[in-house]
Each structure stands twice: as structure tokens, then as C-alpha cells.
Amino acid sequence: MTRSDGYLLDNRQSEAGQRFDAFATLFDPTTFRHMEGFGVGPGWRVWEVGVGGTSVVSWLAKRVGPTGKVLATDIDISQVASVARPPIEVRVHDVGAEEPPGEGFDLVHARLVLVHVPDRERALRSMIKSLRAGGRLLVEDADPALQPLLCPDEHGPEQHLANRLRHGFRKLLADRGADLSYGRKLPRLLREAGLRRVEADAYFPVTSPACAALESATVRQIRDQLVTAGLATDEDIDRHLANVASGTMDLATAPMISAWGRKG
């Protein structure tokens, strides 16, 4: 993640941990399926970019074992500092502004990171530069413009309000430089960067308790920004949070597109 005064979702806010837990529930199975397909195992050297929470690096640490290494970097390591013990090294690093923190990695992975990075092109180059020949890059990012609705089945006032607030969230992201159609670009960008055997797929959760938990934490985290920008009132937000808590709405996320390739 790249530090910016305009970054919307600060890791230090209390809701950040709840969001990371929801991401883990929603997306870890997809991420781990890809990594298992690559054959991640003992002795591998892995760079986890924009690590956020602990679930992915903890899984990787078990896979690479004591002879491997997992370098976990972020601009704010407050959520992951507790797991900083071998084979995990935790380091403050800005992937969009600094040189890569090492080289010769077997795998470099970033999930839900680059969409927020102002200099995404530099970040992608840095990640590829750090790979060994034959190493793999796995980038997983959202594409909110591909599916912009929180409630795809907008059949009542509760769903209409939910989608209006989601539109406000997307506007806040775009105003801070997020590329809301980044996910779909990943296969092309990886090929243009010279990676071989590029493939991609997508995961699109439509309803689950984790979707509701993620929505509740996100709206509480950005509440002040929504109100200040005139995108919602406190009453709107209170009503929406109560609707989410009722468990009667089908809440979706943006599709997460996973793209991977091998360095020549």
C-alpha cells in the first residue's frame, strides 16, 4: 500500500482488523488455491506486498518452513507486527515509491493493494524486478466498476439505500486515485510487463455473513468521510447499518480478479 494523506482505509483504525478478518474469510480460499497450484513449499522465498492482516503470511510461513522466508511489507504494519518471527520478516515499505526490498523471490503476491496505489505501474515493475528467473507473480485486485452494486438484486428501499452508499464509497475511492476498473486490466498488464504463461480468474461472492461483516466495518470506517462529502447523512448510515445487521439483505462484493504469470 502506498502512503497518502488521502488514503481512505487506514490500517490503524479499529475497523481495519474486522475488514481483514472478512477478507480472509472471503478470499483466502481463492488465494491459497492459486498458491498451492504454484507448488509453494519448503525453502521458498516469498514477498507478500501490502500485507494488511496476518492470514496469508501465516499460511505461507507454514508452507515454506524454517528453510524459507516470507517478507511481509506494508506502509503500516500495525496489524501484522505480532507475527514477526522466523520465517516471517515484517518491514515498512512503500511498493509504489521505493525500490524492491530484496530480489530472487520465488513468489511475489499482492491482494487488494495495487488498486489503491497511485503509481501502480512502478509498483508492478518493482514486484517483477524482485522475482528470480522462473519466479511467479500473483496479483489479486478488485474491479468495483465491473460490478458496482452492493445489492445486485435492488428490490426494495433497503437495497436502494445500500447501493446509494456504495456509490458514495466508490466516489471517495476514485477521488483518492483508486482505479476502479483495475482488476480487469491485470492479465494484459502482466503480459505487457513480459511475464509468460499469464492466466486469470475471478471470484464474486454474492451473499455471506463475511460480506455483511465487511460492509458494516467499511461503512463505520468511512462514516465521517461520507457525511463530510455530502454523500450520506448520519441517519442514512444508521439505517443502513441496522439493515445490514438484520441479516435480511444479499450483500455482494466487487469481483476479485486473480492474475498470475511467470518471469522469463
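Residues numbered from 1 in each chain as written. Predicted model: local features only at pLDDT ≥ 70, side-chain atom pairs only at ≥ 80, totals over all residues. Heavy atoms only, no water.

A.B. asks: What exactly am I supposed to notice about the confidence of the model for the chain here?
C.D. replies: Note that predicted coordinates carrying low pLDDT should not be read in detail. On average, the chain scores 94 in pLDDT, and the residues at 70 or more come to 95%. Residue range residues 1-6 is modelled with pLDDT below 50. Its contacts to residues more than four positions away, or to other chains, number 21 contacts. (pLDDT = per-residue confidence, 0-100. Contact = heavy atoms within 4.5 Å.)

A.B. asks: Sorry, what's going on with the sheet that holds strand β3 (residues 88-92) here?
C.D. replies: Through backbone hydrogen bonds, the strands of a sheet pair up, either in parallel or in antiparallel fashion. Taking strand neighbours across the sheet as the criterion, the seven strands line up as β3-β2-β1-β4-β5-β7-β6 in an open arrangement whose pairing is mixed. For this open sheet the edge positions go to β3 and β6 (196-203), each flanked by a neighbour on one side alone. Geometrically, the sheet is characterised by an average inter-axis angle of 15° between neighbouring strands, direction not taken into account. Seen against the sheet, helix α2 (residues 55-64) touches β1 (45-49), β2 (69-74), β3 and β4 (105-111) and runs at an angle of roughly 165° to β2. Of the strands in this sheet, β1, β4 and β5 (131-142) touch helix α3 (residues 120-129), which is tilted by about 145° from β5. (Pairing = 2+ DSSP bridges. Helix = DSSP H or I, 4+ residues; strand = E, 2+ residues; numbered from the N terminus. Axes fitted to C-alpha atoms, helices over the stretch in contact; angles between N-to-C directions.)

A.B. asks: Got a minute to help me understand unusual backbone geometry in this structure?
C.D. replies: Backbone geometry follows two general trends: most residues other than glycine have a negative phi, and most peptide bonds adopt the trans configuration. Between P86 and the following residue, P87, the backbone shows a cis peptide bond with an omega angle of 10°. In this structure, L112 is a non-glycine residue whose phi angle is positive, near 55°. Checked against the element boundaries, L112 lands in the loop between β4 and α3. In this structure L112 comes out as buried when scored by relative accessible area, which is 16%. (Buried < 20%, exposed > 50% of the residue type's maximum accessible area, 1.4 Å probe, protein only.)

A.B. asks: So what exactly am I meant to see when it comes to helix α4 (residues 157-175) here?
C.D. replies: Along an α-helix, residues three or four positions apart point the same way, because every turn accommodates 3.6 residues. With 19 residues, α4 extends 27 Å between its outermost C-alpha atoms, agreeing within 8% with the 27 Å of an ideal straight helix rising 1.5 Å per residue. Inspection of α4 places Q159, L161, A162, N163, L165, R166, G168, F169, R170, L172 and L173 among the buried residues, and these make up the whole buried set. Check the buried side of α4 and you find it contacts α6 (209-228) and α7 (234-246). Among the residues trailing α4, G177 stands out with phi positive, at a value near 95°. (Expected span 1.5 Å × (residues − 1).)

A.B. asks: Looking at this model, I keep getting lost on the pattern of salt bridges. Mind explaining?
C.D. replies: Pairing between side chains of opposite charge can happen when the charged atoms of each approach one another. One pass over the full model with this rule turns up 19 salt bridges. Here D179 makes a salt bridge to K185, at a shortest N to O gap of 2.8 Å. R239 is the partner of D236 in a salt bridge, and the nearest nitrogen-oxygen pair spans 3.4 Å. Here R239 and D236 lie together in helix α7, a separation of three residues that amounts to about one turn. In this structure D236 comes out as buried when scored by relative accessible area, which is 10%. (Salt bridge = Lys/Arg side-chain N within 4 Å of Asp/Glu carboxyl O.)

A.B. asks: Hey, could you run me through empty space enclosed by the protein in this one?
C.D. replies: Where empty space is left becomes clear once a probe the size of a water molecule has been rolled over the atoms. Per the stated rule, a full pass over the model turns up two cavities of 30 Å³ or more. Considered as a void within the structure, the second largest cavity measures approximately 40 Å³ in volume. In terms of lining residues, the second largest cavity is bounded by L165, R166, F169, E215, T218, V219, I222 and L226. Put simply, the parts of the chain that give the lining of the second largest cavity at least two residues each are α4 and α6. (1 Å grid on protein atoms, 1.4 Å probe; cavity = no way out; pocket = protein on both sides within 12 Å on 5 of 7 lines; lining within 4 Å. Points joined across faces, edges and corners; volume = space filled by probe spheres on them.)

A.B. asks: Help me understand the environment of V115 in this model?
C.D. replies: Relative to the assigned elements, V115 resides in the loop between β4 and α3. Spatially, the C-alpha atoms of V115 and L231 are 22 Å apart, while their sequence positions differ by 116 residues. The residues touching V115, leaving out its near neighbours within four places in the chain, are R120, D141, A142, G177, A178, D179 and Y182.

A.B. asks: Mind showing me how you'd approach the packing of α4 against α7 here?
C.D. replies: Two quantities define a packed helix pair, namely the angle between the helix axes and the distance between the axes. Axis separation between α4 and α7 bottoms out at 10 Å; the angle between their running directions is 120°. With respect to each other, α4 and α7 are oriented oblique. Handedness of the crossing formed by α4 with α7: left-handed. Between α4 and α7, the residues in contact are E158, L161, A162, R164 and L165 and D236, I237, R239, H240 and N243, respectively. A breakdown of the residues in the contact of α4 with α7 according to their chemical character gives four nonpolar, two polar and four charged. (Parallel < 35°, antiparallel > 145°, perpendicular 65-115°, else oblique. Left-handed = near helix turned anticlockwise from the far one by under 90°. Nonpolar A, V, L, I, M, F, W, Y, C, P; charged D, E, K, R; others polar.)

A.B. asks: Quick question: what am I supposed to make of the packing of aromatic side chains here?
C.D. replies: Overall, the coordinates contain four aromatic pairs when judged by the stated rule. Summarising the aromatic geometry, the rings of F32 and W59 are spaced 4.4 Å apart at their centres and angled 5° between planes, so their arrangement reads as stacked. Within this pair, whereas F32 is found in helix α1 (residues 14-38), its partner W59 is found in helix α2, the two being separated by 27 residues in sequence. Per residue, the accessibility class of F32 equals that of W59, and both read buried. Taken together, the ring pairs in this structure connect F23, F27 and Y203 into an aromatic cluster. Sitting over the ring of Y182, R120 keeps its end group 5.7 Å from the ring centre. (Phe/Tyr/Trp six-rings, centres within 6.5 Å; stacked < 30°, edge-to-face > 60°. Lys NZ or Arg CZ within 6 Å of the ring centre and 35° of its normal.)

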